[in-house]
Protein chains: 2
Amino acid sequence: MKEINGGICAPNSFLASGIRCGIKESASKRDLALVFSQQPCTSAAVFTSNIVQAASVIVSREHGKSGKIRALIANSGNANACTGQAGLEAARRMTEMTAEKLGIATEETAVASTGVIGVPMPIERIEAGMAELAAGITDNGGDAALEAIMTTDTRKKFTAIEFELPGNASPVRIGAMTKGSGMIHPNMATMICVITTDAAINAVMLDKALRRAVNRSFNRLTVDGDMSTNDMAIVMANGAAENNLINGEGPAWETFASALETVCTTLAKAMARDGEGATRLISVTVSGAASEENAAALARSVAGSSLVKAACFGADANWGRVLCALGYAGIPFKPEEASVTFASPAGSLPVFKNGEVLSFSEEKAKTILMEEEIDIHAIVGNGNCEAVAWGCDLSYDYVKINGDYRS
Amino acid sequence: MKEINGGICAPNSFLASGIRCGIKESASKRDLALVFSQQPCTSAAVFTSNIVQAASVIVSREHGKSGKIRALIANSGNANACTGQAGLEAARRMTEMTAEKLGIATEETAVASTGVIGVPMPIERIEAGMAELAAGITDNGGDAALEAIMTTDTRKKFTAIEFELPGNASPVRIGAMTKGSGMIHPNMATMICVITTDAAINAVMLDKALRRAVNRSFNRLTVDGDMSTNDMAIVMANGAAENNLINGEGPAWETFASALETVCTTLAKAMARDGEGATRLISVTVSGAASEENAAALARSVAGSSLVKAACFGADANWGRVLCALGYAGIPFKPEEASVTFASPAGSLPVFKNGEVLSFSEEKAKTILMEEEIDIHAIVGNGNCEAVAWGCDLSYDYVKINGDYRS
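Residues numbered from 1 in each chain as written. Chains lettered and ligands numbered in written order. Predicted model: local features only at pLDDT ≥ 70, side-chain atom pairs only at ≥ 80, totals over all residues. Heavy atoms only, no water.

### Quick word on the overall build of chain A
From N to C terminus, chain A includes 11 helices and 17 strands. Whereas a compact globule of 407 residues would reach a radius of gyration of roughly 22 Å, chain A reaches 22 Å, a difference of no more than 12%. Taking the principal axes of the C-alpha coordinates as reference, chain A spans close to 70 × 55 × 35 Å. The buried share of chain A, taken over its 407 residues, is 62%. Considering only intrachain contacts with a sequence separation of at least 6, the fraction spanning at least 24 residues in chain A is 80%. When the accessible surface of chain A is summed, it comes to about 14,100 Å², and 48% of that surface belongs to carbon and sulfur atoms. Of the charged side chains in chain A, 35 are positive and 45 negative, and the gap between their average positions amounts to 1 Å. (Helix = DSSP H or I, 4+ residues; strand = E, 2+ residues; numbered from the N terminus. Rg over C-alpha atoms; globule rule 2.2 N^0.38 Å. Buried < 20%, exposed > 50% of the residue type's maximum accessible area, 1.4 Å probe, protein only. Contact = heavy atoms within 4.5 Å. Areas by Shrake-Rupley, 256 points an atom, 1.4 Å probe, with all protein chains shown as cover. Lys, Arg positive; Asp, Glu negative; His and termini not counted. Charge placed at Lys NZ, Arg CZ, Asp CG, Glu CD.)

Quick look at the structure:
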């Protein structure tokens, strides 16, 4: 498996574009994106579990049932959530216009939106931009498309890999881009993730691979505990790599699914690092648990603790808060069997072992925690299972960014 | 029912003291408190649900089973949590010394600790201070005792009321003090609440009253979502008011229980207002729910949302975040039946009604949200049940306070 250039346009026969149509107030920022496969696709998608769902989620969920999505239109600057019937009509109109311009069926088109909630969608601006958007699609339009879905993101988050499937001569590719920095939480939240692949895989097995990958990546992510109305992750597979169709479990599916998981994990970590106001990426590994689910719940509890996050911002080795957050995760374990270690590229420092405090150098702790990537490793018993969750520190800038987002 | 002076010493025959024994580094801050009833008591207590429990919680839970606690020793500056066997011995020693000094049984004594986790308890400093602590108890020592349990609290939080029980000639009193500003969350967290009363009530009915009151007050409180290892709320009733013993449900118990709830609610709101770095108290009322539990879960979800809290800090009427937080509370409701109103002493402003956005004046919204006390009222349907939860805004100072708490 190797990294390659090109993001969502790295797999064969995917085109993309991104333009400014005027949804965002800024005169210089792109706000409308299109991703399109020149060949028919199989597709799979997962959506927010929030009861309040954006119009784009409602419409894409309907269309996604076909398992044949091959085009996605996405906008930033307006979430089109809590916008009632007019919002729903706007979302449908976005898919209709896309289908029309591309000469495909409306049911093959999905829509994603991100931005402020509850403001009527200026559909006329999207209508006015459609010709430019559709005319602009190229096989190097991934970067423009990515810019057009960003909101408070400070970094572009994309990746692409190439790998071989067992029993196939030529390689396949997976490309992906994601948007999201605030409101990222287990079970997904203000995140739009678009994944493209030229693998040939049926919709059922693609769905299975996506759910496993999302569960081990985006669902292990926590920035501020809020779950958005707009999240979605979608994967489109067009078969342009001409591998033998993956239509069941086996070595080819396993290889594909684990490659997809790698892509999602790469982006999940990039999102945590780009958490609103974040200065550090925090990886929390919990091992010794009775199940992967237990380990994940414990790890997420630590990564999501405001007090742990604030301590990491201050480079303060406050392991007591780690223990405390493990303790309220709702997963039974014996504190007297627990251990905690802080680590980073600057070193590793056990601070708590089998329920007892270790004496440690505060100076060394500070050196370790001043790094941009911090690992917190907790052992909670003698179980065989482990999981990782990612988060970021809680900084002054988080408050600043979110104190006045609408203005 | 009327407010009276005196806090925990307002009820008859309760004495208290607070001294500095040197657990806190500051040379001027008290850190050791004692509360004592001159007469035997019935008692009830509730404790943190965190799996990681401070030594004080373990010991007080044991002693509390008797229902006869009449003395509490409490310290700040050290949580005595994650301190292993030595910590447990220190907590036991605190109750033994207290019992000895006061001439009561060890089982009649509880202990509470708050402060940094995982630092060995300097029991020798407490030993050295015991004589001064015990000698200093007076019927106006409530203020000193309160100072001795405060950590990052910026305000003293105490109250006392006097009221009459049906069928009794002379009034009874309830006094209370509480410590806690960060780490306050549903199901209690770094909170020590000490309640005294001169009512005569048996332990079973006292326990029932306390659990109902805590459920509707402290369990409706959320500051940063972390649940502490050290929380406890304890009530001691010494019968010095000589009312007819309350030993079952009926008008007298109802009157007592609702007075206790008033005391706890007053303190819960004071704690929310004093949340670390808080500039505003946020009260979230959810009505139209199918049950009180559902309403409470929805209200807590809004009060606990980092994004709602940051928006309140910025006086930003971001009602979409309110809807979003309702949506992930795990309680079913129909967004198209939901309504949201912001209110404060400066006015009331409906912003969302029956699933539709209302146009509103941003200027008026700002005026309302700049107040120190904000109400967010959400209606989620046609149910008959309502609940209130309290929280505070998320400010730069929260991050500052918690970024380097240990130093």
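### Notes on the packing of helix α7 (residues 292-304) of chain A against helix α9 (residues 319-327) of chain A
Residue and element names in this part refer to chain A. Here α7 crosses α9 at 130°, and the two axes come no closer than 8 Å. What the angle tells us is that α7 and α9 run oblique. Classified by chirality, the crossing of α9 by α7 is right-handed. Residues L298, S301 and V302 of α7 pack against V322, A325 and L326 of α9. Looking at the contact of α7 with α9 residue by residue, the classes come out as five nonpolar, one polar and no charged. (Axes fitted to C-alpha atoms, helices over the stretch in contact; angles between N-to-C directions. Parallel < 35°, antiparallel > 145°, perpendicular 65-115°, else oblique. Left-handed = near helix turned anticlockwise from the far one by under 90°. Nonpolar A, V, L, I, M, F, W, Y, C, P; charged D, E, K, R; others polar.)

### Regarding the packing of helix α5 (residues 203-215) of chain B against helix α6 (residues 251-273) of chain B
When two helices pack together, their arrangement is given by the angle between the helix axes and by the axis-to-axis distance. Residues and elements named next belong to chain B. Relative to each other, α5 and α6 sit at 40°, their axes nearing to 9 Å. Classed by the angle they form, the pair α5 and α6 counts as oblique. The handedness of the crossing between α5 and α6 comes out as right-handed. Counting all contacts with α5, which are made through M205, L206, K208, A209, L210, R212 and A213, the residues of α6 involved are W253, E254, F256, A257, S258, L260, E261 and C264. Its residues assigned to classes, the contact of α5 with α6 comprises 10 nonpolar, one polar and four charged.

### Quick word on the sheet that holds strand β16 (residues 373-379) of chain A
Residue and element names in this part refer to chain A. The mixed open sheet is built from seven strands, whose spatial order is β10-β17-β12-β16-β13-β14-β15. At either end of the open sheet lies a strand with only one pairing partner, and these are β10 (221-222) and β15 (356-357). Both β10 and strand β17 (residues 385-392) contribute to a ladder of two bridges, which runs parallel. Across the sheet, residue L221 finds its bridge partner in β17, namely W390. In the packing of helix α8 (residues 306-313) onto the sheet, the strands contacted are β10, β12 (281-289), β16 and β17, and the crossing angle to β16 comes to about 135°. Packed onto the sheet, α9 meets β12, β13 (339-344), β14 (347-353), β15 and β16 and runs at close to 125° relative to β13. (Pairing = 2+ DSSP bridges.)

### A short note on the pairing of strand β5 (residues 71-76) of chain B
Residues and elements named next belong to chain B. Most of β5 is tucked away, with six of its six residues classed as buried. Along β5, one buried face is formed by A71, I73 and N75 and the opposite face, lined by L72, A74 and S76, is buried too. Judged from the five bridges that link them, strand β3 (residues 32-37) and β5 form a sheet pairing that is antiparallel. For L32, the partnering residue across the bridge sits in β5 and is N75. With six bridges connecting them, β5 and strand β6 (residues 109-114) associate as parallel partners. The residue bridging N75 from the neighbouring strand is S113, located in β6. Crossover connection from β5 via helix α2 (residues 84-102) to parallel β6: handedness right-handed. (Right-handed = clockwise from strand over helix to strand, strands pointing away.)

### Regarding helix α10 (residues 362-369) of chain B
Residues and elements named next belong to chain B. Within the span of α10, buried status applies to A365, I368 and L369. Summarising the axial view, the buried residues of α10 lie within an arc of 90°, below the 170-degree limit, and thus occupy one face. Contacts from the buried residues of α10 go to α8 (306-313), β13 (339-344), β14 (347-353) and β16 (373-379). (Arc of directions from axis to C-beta.)

### With respect to the environment of K29(B)
All names here are of chain B. Position of K29 among the secondary structure elements: in the loop between β2 (14-19) and β3. Residue class for K29 comes out partly exposed when judged on its relative accessible area of 45%. In this structure, the C-alpha to C-alpha distance between K29 and E147, residues 118 residues apart in sequence, is 7.8 Å. Sequence-distant contacts of K29, defined by excluding residues within four places in its chain, comprise R20 and K24.

### Overview of the sheet that holds β6(B)
Residues and elements named next belong to chain B. Reading across from one edge, β2-β3-β5-β6 is the order of the four strands in this open sheet, with mixed pairing throughout. Edge positions in the sheet fall to β2 and β6, since each has one partner strand and no second. Between one strand axis and the next, the sheet turns by 10° as a mean value, whatever way the strands run. Running over the sheet, helix α4 (residues 142-149) touches β2, β3, β5 and β6 and is turned about 45° from β2.

### A word on the packing of aromatic side chains
Residue and element names in this part refer to chain A. Enumeration over the complete set of coordinates arrives at two aromatic pairs over all chains. Between W319 and F352, the aromatic rings sit 4.8 Å apart at their centres with planes inclined by 25°, giving stacked as the arrangement. Taken together, the residues span a long stretch of sequence, with W319 in helix α9 and F352 in strand β14 at a distance of 33 residues. Side by side, W319 and F352 carry an identical accessibility label, which is buried. A cation over a ring is seen here: K208 above W253, with NZ or CZ 5.9 Å from the ring centre. (Phe/Tyr/Trp six-rings, centres within 6.5 Å; stacked < 30°, edge-to-face > 60°. Lys NZ or Arg CZ within 6 Å of the ring centre and 35° of its normal.)

### Topic: the nonpolar core
One finds V286(B), W319(B), L326(B) and I376(B) to be the most contacted residues of the largest nonpolar core, which totals 72 residues. When residues in this core are grouped by element, the largest group, seven residues, is from helix α7 (residues 292-304) of chain B. Each residue touching L326(B), except ones within four places of it in the same chain, is listed here: V286(B), L298(B), V302(B), F333(B), A378(B) and V380(B). One finds I282(A), V284(A), V286(A) and A16(B) within the second-largest nonpolar core, a separate group that totals 70 residues. (Core = buried A, V, L, I, M, F, W, Y, C linked by side-chain atoms within 4.5 Å.)

### Overview of α8(B)
All names here are of chain B. Counting buried positions along α8 yields seven of eight residues, so the element is predominantly enclosed. Those residues of α8 not exposed but buried are S306, L307, V308, K309, A310, A311 and C312. Looking one or two residues beyond α8, the residue adopting positive phi is A315, at roughly 50°.

### Points about the pattern of salt bridges
In the structure shown here, the tally under the stated rule is 36 salt bridges over all chains. Measuring nitrogen to oxygen at the nearest pair gives 3.0 Å for the salt bridge that ties D143(A) to K156(A). A residue pair is termed long-range when its members are at least 10 positions apart, and D143(A) in helix α4 (residues 142-149) and K156(A) in the loop between α4 and β7 (157-163) qualify at 13 residues. Residue classification places D143(A) among the partly exposed positions, given a relative accessible area of 38%. With relative accessibility at 35%, the residue K156(A) sits in the partly exposed group. Between R212(B) and E261(B) there is a salt bridge, with its nearest N and O atoms 4.0 Å apart. Within this pair, whereas R212(B) is found in helix α5, its partner E261(B) is found in helix α6, the two being separated by 49 residues in sequence. Overall, the relative accessible area of 25% leaves R212(B) in the partly exposed class. Each member of the salt-bridge network shares a partner with another, and the members are R212(A), R216(A), R220(A), E254(A), E261(A) and E292(A). (Salt bridge = Lys/Arg side-chain N within 4 Å of Asp/Glu carboxyl O.)

### Examining unusual backbone geometry
Negative phi is the rule for most residues except glycine; trans is the rule for most peptide bonds. Positive phi outside glycine occurs at S13(A), with the angle close to 70°. As for its placement among the helices and strands, S13(A) is situated in the loop between β1 (2-3) and β2 (14-19). Of note, C82(B) is a non-glycine position whose phi angle comes to about 60°, a positive value. You can call C82(B) buried: its relative accessible area is 11%.

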